[in-house]
Amino acid sequence: DTSRDGFISREELQMILSKVTDLDSEEFDILFEGSDRNSDGKLSIDEFIDWCLSAGLEEDTKTVVVCGAGCEEINGKYDSAGEWDGKPMYICADTGMQLWWNTEWRIGRTNDYYYTCQDEVAIGGVWGVARWQANGATCPPAPTLQWNLPFEVPVVTGVESPRIAAEDIEAGAPHVLG
C-alpha cells in the first residue's frame, strides 16, 4: 500500500509483482480480477489476505469455521460443497447447515435462515440475525467466519507491519522483511 490509503491498487500490486515474478499482463489481469472480489479496482486487506492464504489450495480443501453464534447449532466446520449462484457453497457435515449466497450470504437451510450477511464476502463480512424467514431459535450474537486452512496462520500483535518505500521498489533494491 504505497499510497497508504488502506488498499492495494492494481498499479501497486503490478509494480511489486513485476519485480519478483515473470507474469505477463494477461496473467496479471487474471490474477488481479480473481482477487478483486467486489470489482472496485483495488484490493482490500481482506481480499489481499484471502488471495495470499488461498494461493495453491484446491477449492475442495477449503473449509470455513463458523464460531461465536448465539445459536450453537450454527457453529462448526463447513466444508466446500461446490457453488451456488456463482459463489462458493459450504455445508456443515455435523448439522447439515449450509452457508451460501442468494442475493446475500446466508447460514441455515432453504427458507429457514439463522444469520445473514449483506457484504460481498462472507469471511470478514458483517453478519446479523436473519430477519426474513428466520428460524425461531435464532438469537444474537451473530457469528464470525474464518478460513480453516491446512496450516497454522500465526497471529502477531503489537508489531507494526514493515513498509517498503515505493522508491526502493522502483530502484530494485533488495529487501528483507522482518
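Sequence positions are assigned chain by chain, starting from 1 and proceeding in written order. Only residues with pLDDT of at least 70 are given local features in this predicted model, and only at 80 or more are side-chain atom pairs given and counted; all residues enter the totals for whole chains, interfaces and linings. Heavy atoms from the whole structure form the basis of all side-chain values; hydrogens and water molecules are not counted.

**Section: the packing of aromatic side chains**
Note the following rule: In this analysis, rings of Phe, Tyr and Trp, with Trp reduced to its six-membered ring, are considered paired at centre separations within 6.5 Å, and the interplanar angle assigns stacked below 30 degrees, edge-to-face beyond 60, and tilted for intermediate values.
Applying the stated criterion to the full structure yields four aromatic pairs. Here a set of aromatic residues connected by ring pairs shows up, and it is made of W100, Y113 and W132.

**Topic: the packing of helix α1 (residues 10-20) against helix α2 (residues 25-35)**
For clarity, the threshold we go by: Under this scheme, a helix contributes an axis fitted over its contacting stretch, all axes are lines through C-alpha atoms, and angles between N-to-C directions fall in the 0 to 180 degree range. A helix here means a DSSP run of H or I that spans at least four residues, while a strand means a run of E at least two residues long, and both kinds are numbered starting from the N terminus. Should an angle lie under 35 degrees it is considered roughly parallel, over 145 roughly antiparallel, and from 65 to 115 roughly perpendicular; all remaining angles are considered oblique. Here a crossing is taken to be left-handed if its near helix is turned anticlockwise relative to the far helix by less than a right angle, and right-handed if that turn runs clockwise. We call two residues in contact whenever any of their non-hydrogen atoms come within 4.5 Å of each other. Under the scheme applied here, ten amino acids are nonpolar (Ala, Val, Leu, Ile, Met, Phe, Trp, Tyr, Cys and Pro), four are charged (Asp, Glu, Lys and Arg), and all others, including Gly, are polar.
Between α1 and α2, the shortest axis-to-axis distance is 11 Å and the interhelical angle comes to 130°. As judged from the angle between their axes, α1 and α2 are oblique. Here α1 and α2 pass one another in a crossing that is right-handed. In this structure, α1 uses R10, L13, Q14 and L17 to contact α2, whose residues at the interface are F28, D29, L31, F32 and E33. In terms of residue class, the contact of α1 with α2 is made up of five nonpolar, one polar and three charged.

**Details of the pattern of salt bridges**
Spelled out, the test is: Should a side-chain nitrogen of Lys or Arg be within 4 Å of a carboxyl oxygen of Asp or Glu, the pair is scored as a salt bridge. Any residue under 20% of the maximum accessible area for its type is buried, any over 50% is exposed, and the rest in between are partly exposed; the area is computed with a 1.4 Å probe on protein chains only.
In total, this model carries six salt bridges according to the counting rule given. Of the charged contacts in the structure, one is a salt bridge between E33 and R10, with a shortest N-O distance of 3.8 Å. Remark: R10 occurs in helix α1 and E33 occurs in helix α2; sequence separation between them is 23 residues. E33 gets classed as exposed once you look at its relative accessible area, which sits at 51%. Where E73 meets R109, a salt bridge forms, and the shortest distance between an N and an O atom there is 3.6 Å.

**Topic: the confidence of the model for the protein chain**
As a reminder, the rule being used: Summary of the metric used: pLDDT quantifies the predictor's per-residue confidence within the range 0 to 100.
On average, residues of the protein chain score 77 in pLDDT, and 78% of them are at 70 or above. The model gives residues 151-178 a pLDDT under 50, and that stretch makes 18 contacts with residues more than four places away or in other chains.

**A closer look at unusual backbone geometry**
Peptide bonds are trans in most cases, and residues, glycine excluded, mostly fall at negative phi. Here P140 and P141 are connected by a cis peptide whose omega angle stands at 0°. One can find P141 in the loop between β9 (127-129) and β10 (144-148). Of note in the backbone geometry, S39 takes a positive phi value of approximately 55° without being a glycine. Tracing the backbone through its elements, the reader meets S39 in the loop between α2 and β2 (42-43). You can call S39 exposed: its relative accessible area is 62%. Phi is positive for D85, close to 55°, though the residue is something other than glycine. Among the structural elements, D85 can be located in the loop between β4 (76-84) and β5 (87-92). Residue classification places D85 among the exposed residues on the basis of a relative accessible area of 52%.

**With respect to the environment of E83**
Mapped onto the elements, E83 comes out in strand β4. Between the C-alpha atom of E83 and that of W101, which follows or precedes it by 18 residues, the distance is 9.0 Å. What E83 contacts, discounting residues up to four positions off in sequence, is P88 and M89.

**A look at the side chain of K87**
Filter applied, for reference: N or O atoms within 3.5 Å of each other form a polar contact, as long as, within protein, one can give a hydrogen and the other can take it, and as long as residues adjacent in sequence are counted only when both atoms are side-chain atoms.
Locating K87 in the fold gives a position in strand β5. At 2.8 Å, the side chain of K87 and the side chain of E120 are in polar contact. Once residues lying within four places of it in the same chain are set aside, the contact partners of K87 are G82, W101, W105 and E120.

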